[in-house]
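Residue-level structural notes
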Amino acid sequence: MEEKNRTMIEEGRRVLERLRSRQHEAYFVGGFVRDFVLERPVKDVDIATSAKPEEVMEAFSKTVPTGLQHGTVTVLTGAYSFEVTTFRKETEYEGFRRPAEVEYITDLEEDLKRRDFTMNAMAMDAEGNLIDPFGGRSDMDRGVLRCVGEAAERFGEDALRMLRCIRFAAEYGLVIEEATWLALLRQAPLLRHIAMERVRAELQRMVGGADPARAAGLLLASGLWRHAKTPLALPFAAWGHPHAQAVIAHLSSIPAEEDRWAVLLLLIGSQQPEAVRAELRALTFPGEDIARLTRVLAVHAQLQRGDAEAAAVGPRPEAQASTEERAAARFKLAVLAHGKEAARGWLRAAGLLRTAWQQQAGAGAASPAGTGRPGQYGTLPGNSAQSGLAVTPGESDCLEASRAGAGRREQDAPPSMNPGQPGQAVPDRASGPYEASGGLPTDEDIHTAAGEACLEELFRFMTEEAAVFLENGEPWIRAMPVYGVKDLAVGGSDLMAQSGQKAGPWIGETLNMLLERVALGQLENTTEILMTEAFRPTEMRDE
């Protein structure tokens, strides 16, 4: 155990002992106990006690009343803080998220009974004795995630628990117990009551967690993505396509969460940076994150469209440029347009796509999905990875399909007839309430979404044209003499002084022209050369 964890736990024990010395019960609870039992690093320590909030504040010199309406007081002990919550039970919930009111009680088991999953409903005393009335330790040993009591009630109380269910299953390598999974499918429409920032936070934890591939598979199989409070328009069902699964299976090999998001978004929005921007805004991503991710996608869109194919790569229009020179021009102009960090982000994301698809091609027609053991991505029941369906011809017309389907919402797709989850056998349910969530996308859903996502076009580009960019991109970036107009040897004031003209759009146009020519190696970045070129008649610039 790390020294920091050991010290924090010892401080927590002192908090328990202080409360016990005043004739109150006090225990470690929640995620701390779960991670302690699993010998995982602990981030914080939560404590439950029979003491009322005012009694907790009387017992310690430094406290913060962080959640008195729910019985929570934060105790400060110097280097650490501990959330101390009075034993309670909750009468009813408001908005499928928060209890309308709480009642303080003196019984630990009754307090644990209100929690979401058995592995989070354990307690531990100061001596390390485990209190486990609902079998959480046994469930973890068996690799099972199970709700406390009736799963439908737990999800109905707090609909965010359905996303937490998927996150915990992926993070801890657990199989979701059948009754819990089927209750999740029934209650999935309740997610529309949950604020988008809460949804986004859970998705970020999934993507940044230990097994984002498993999380993506369970999310897709659950149908939860169809029921966001703000409707999501990107073709998420495309993640079920064999091409996408081959990439997602390797997602955990990328250390940075931001790069994982770039990969996932490339798979469903490679030619639609603005649509991705709108989706990230709907999910309440911070503005800086939105800007970084959409710049990466914009780099890709520019490279794949080949906007720079007609760019001059030599001092004369009749000069014959080599294929590599033309590719270098395309890449450098993308760097100028979107920034070198965005270009490097694209290189990292595109590198994974190309590597995964080369491996997929090497494996022949075999499905890229995992074996289905807990913690692995697995094969989505009934989808194209199992059936081996070929890509439909319509996928090649991806941009047209995307425009035609711009108004289509993923939650309008036909419901799945098989709500099984990846990595475990769940009986087929062909009728009744199990259809309510929309469930697993059908083959038709997946291929339609893949067409909207331009997935086949992305596959062809990454396995063919992208090689030259991936092999040379970083050297090209390092070799560029300029990355923006601020790097030029002249500025707007120089141009105005030389010309005697007032400021206007012409300054930006002139600087951008100079920037491109310097970046492409057509001009040296010196004041004399740039000023001469800036005022050379347009018809003479290529002579």
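Residues numbered from 1 in each chain as written. Predicted model: local features only at pLDDT ≥ 70, side-chain atom pairs only at ≥ 80, totals over all residues. Heavy atoms only, no water.

1. Some words on the overall build of the protein
Here is the rule: Numbering of helices and strands runs from the N terminus; a helix is a DSSP stretch of H or I covering at least four residues, while a strand is a stretch of E covering at least two. Whether a residue is buried, partly exposed or exposed follows from its accessible area with a 1.4 Å probe, protein chains only, as a fraction of its type maximum: under 20%, in between, or over 50%, in that order. Only heavy atoms matter for contacts: two residues are in contact if any of them lie within 4.5 Å across the pair.
When helices and strands are counted, the protein shows 24 helices and 13 strands. Taken across its 543 residues, the protein has 54% of its residues classed as buried. For the protein, long-range pairs separated by at least 24 residues make up 72% of all intrachain contacts whose partners lie at least 6 apart in sequence.

2. Brief notes about the nonpolar core
The following threshold applies: Joining through side-chain atoms within 4.5 Å is the link that ties buried Ala, Val, Leu, Ile, Met, Phe, Trp, Tyr and Cys residues into a set, and such a set is a nonpolar core.
Counting residues in each nonpolar core, the largest one holds 148 residues, and the members touching the most others are Leu267, Phe331, Trp346 and Trp357. Ranked by residues supplied to this core, first place goes to helix 16 (residues 340–362) with ten residues. Ignoring any residue separated from it by four or fewer positions in sequence, one finds Phe331 in contact with Leu303, Ala343, Trp346, Leu347, Phe469, Gly473, Trp476 and Ile477.

3. Section: helix 19 (residues 443–452)
Given 3.6 residues to a turn, an α-helix orients residues that are three or four positions apart in the same direction. With seven of ten residues buried, helix 19 is to be regarded as a mostly interior element. Taken residue by residue, helix 19 has Asp445, Ile446, His447, Ala449, Ala450, Gly451 and Glu452 as its buried positions. Two residues or fewer past helix 19, Cys454 is found with a positive phi of approximately 60 degrees.

4. Points about the sheet that holds strand 5 (residues 81–86)
Within a sheet, adjacent strands bond to each other through the backbone by hydrogen bonds, running parallel or antiparallel. What counts, and what does not: Here, a strand pair is defined by DSSP locating no fewer than two bridges between the strands. To get an axis, fit a line to the C-alpha atoms, keeping to the stretch in contact for a helix; angles then go from 0 to 180 degrees between the N-to-C directions.
Spatial ordering of the open sheet is given by 3-4-5-2-1-10-11, a layout of seven strands whose pairing is mixed. Here the strands that pair on one side only, and so sit at the sheet edges, are strand 3 (63–67) and strand 11 (130–131). Set on the sheet, helix 1 (residues 3–21) makes contact with strand 1 (26–29), strand 2 (46–49), strand 4 (72–76), strand 5 and strand 10 (123–124); between it and strand 1 the angle comes to about 150 degrees.

5. A few points about the packing of helix 15 (residues 323–338) against helix 21 (residues 466–479)
The condition is simple: Small angles under 35 degrees read as roughly parallel and large ones over 145 as roughly antiparallel, with 65 to 115 read as roughly perpendicular and the rest as oblique. Crossing chirality is assigned from the near helix's rotation relative to the far helix, an anticlockwise turn below a right angle marking it left-handed and a clockwise turn marking it right-handed. Note that Gly is not counted as nonpolar here; it falls among the polar residues with everything else outside the nonpolar set of Ala, Val, Leu, Ile, Met, Phe, Trp, Tyr, Cys and Pro and the charged set of Asp, Glu, Lys and Arg.
One way to put it is that helix 15 packs onto helix 21 with a least axis distance of 10 Å and a crossing angle of 60 degrees. Here helix 15 lies oblique to helix 21, going by the angle between them. Judged by the sense of rotation from one axis to the other, the crossing of helix 15 with helix 21 is right-handed. Contact residues: Glu324, Ala327, Ala328, Arg330, Phe331, Lys332 and Val335 in helix 15; Val468, Phe469, Asn472, Gly473, Trp476 and Ile477 in helix 21. In terms of residue class, the contact of helix 15 with helix 21 is made up of eight nonpolar, two polar and three charged.

6. Here's the deal with the environment of Leu333
With respect to the secondary-structure elements, Leu333 resides in helix 15. Each C-alpha atom, one on Leu333 and one on Glu516, is 7.1 Å from the other, the two residues being 183 residues apart in sequence.

7. Side note on the pattern of salt bridges
Definition in use: Salt bridges are defined as contacts in which a side-chain nitrogen from Lys or Arg sits within 4 Å of a carboxyl oxygen from Asp or Glu.
What the rule picks out here adds up to 29 salt bridges. With a shortest N-O distance of 2.6 Å, Arg167 and Glu202 are connected by a salt bridge. Taken together, the positions of Arg167 in helix 7 (residues 160–171) and Glu202 in helix 9 (residues 196–207) put the pair 35 residues apart, joining distant regions of the chain. Assessed through its relative accessible area of 15%, Arg167 is described here as buried. One salt-bridge network, held together by shared partners, links Arg34, Asp35, Arg40 and Glu171.

8. Focus on the packing of aromatic side chains
Given two aromatic rings, their pairing is described by the distance between the two centres and the angle made by the two planes. Test applied: Centres within 6.5 Å make a pair out of two Phe, Tyr or Trp rings, where for Trp the six-membered ring is used; the pair is then stacked when the planes are under 30 degrees apart, edge-to-face when over 60, and tilted otherwise. A ring has a charge above it when a Lys NZ or an Arg CZ is no more than 6 Å from the ring centre and no more than 35 degrees off the ring normal.
Applying the stated criterion across every chain yields a total of 15 aromatic pairs. Centroid distance Phe331 to Trp476: 5.8 Å. Interplanar angle 50 degrees. Geometry classified as tilted. Here Phe331 is found in helix 15, whereas its partner Trp476 is found in helix 21, with 145 residues between them in sequence. Three or more aromatic residues joined by ring pairs form one cluster here, namely Phe331, Trp346, Phe461, Phe469 and Trp476. Residue placement shows Arg18 over the ring face of Phe60; its charged tip is 5.8 Å from the ring centre. Note that Arg167 overlies the ring of Phe168, its terminal NZ or CZ placed 4.9 Å from the centroid.

9. Considerations on the pairing of strand 5
Judged from the four bridges that link them, strand 2 and strand 5 form a sheet pairing that is parallel. Across the sheet, residue Ile47 finds its bridge partner in strand 5, namely Val84. In terms of strand pairing, strand 4 meets strand 5 through five bridges, oriented antiparallel. Looking at strand 5, one finds that Val75 is bridged to Phe82. The turn joining strand 4 and strand 5, which pair antiparallel and follow one another in sequence, is formed by four residues; a positive phi near 120 degrees is taken by Gly78.

10. Quick notes on unusual backbone geometry
The phi angle at Thr284 is positive, at roughly 60 degrees, despite the residue not being glycine. Mapped onto the secondary structure, Thr284 falls in the loop between helix 13 (273–282) and helix 14 (287–305).

11. What to know about the pairing of strand 2
Of the pairings in the sheet, the one linking strand 1 to strand 2 comprises four bridges and is antiparallel in character. From the neighbouring strand, Ala26 faces strand 2, where its bridge partner is Thr49.

12. What to know about the packing of helix 12 (residues 257–269) against helix 14
The axes of two packed helices give the description: the angle between them and the distance between them. Between helix 12 and helix 14, the shortest axis-to-axis distance is 10 Å and the interhelical angle comes to 50 degrees. With respect to helix 14, the element helix 12 is oriented oblique. By crossing handedness, the relation of helix 12 to helix 14 is classed as right-handed. Counted together, Glu258, Trp261, Ala262, Leu265, Leu266 and Gly269 of helix 12 and Arg292, Leu293, Val296, Leu297 and His300 of helix 14 form the full contact between these two elements. When grouped by side-chain class, the residues that make up the contact of helix 12 with helix 14 number seven nonpolar, two polar and two charged.

13. Here we look at the state of the cysteines
Basically, it comes down to this: Note that a disulfide, as used here, is simply two cysteine sulfur atoms within 2.5 Å.
Enumeration over the complete set of coordinates arrives at zero disulfides. In this structure Cys147 is not part of a disulfide, and its nearest cysteine sulfur, from Cys165, lies 6.1 Å away. Residue Cys147 is classed as buried on the basis of its relative accessible area, which comes to 2%.

14. With respect to the environment of Arg34
By the secondary structure assignment, Arg34 is in helix 2 (residues 31–37). A C-alpha to C-alpha distance of 8.8 Å links Arg34 and Ala123, two positions 89 residues apart in sequence. Leave out the neighbours within four places in its chain, and Arg34 touches Met119, Asn120, Met122, Met140, Phe168 and Tyr172.

15. Digging into helix 12
Threshold: The length a helix should cover is 1.5 Å for every residue beyond the first.
Between its terminal C-alpha atoms helix 12 stretches 18 Å, which fits the 18 Å expected from 13 residues at 1.5 Å a residue. Considered for burial, the residues of helix 12 that qualify are Asp259, Arg260, Trp261, Ala262, Val263, Leu264, Leu265, Leu266, Leu267, Ile268 and Gly269.

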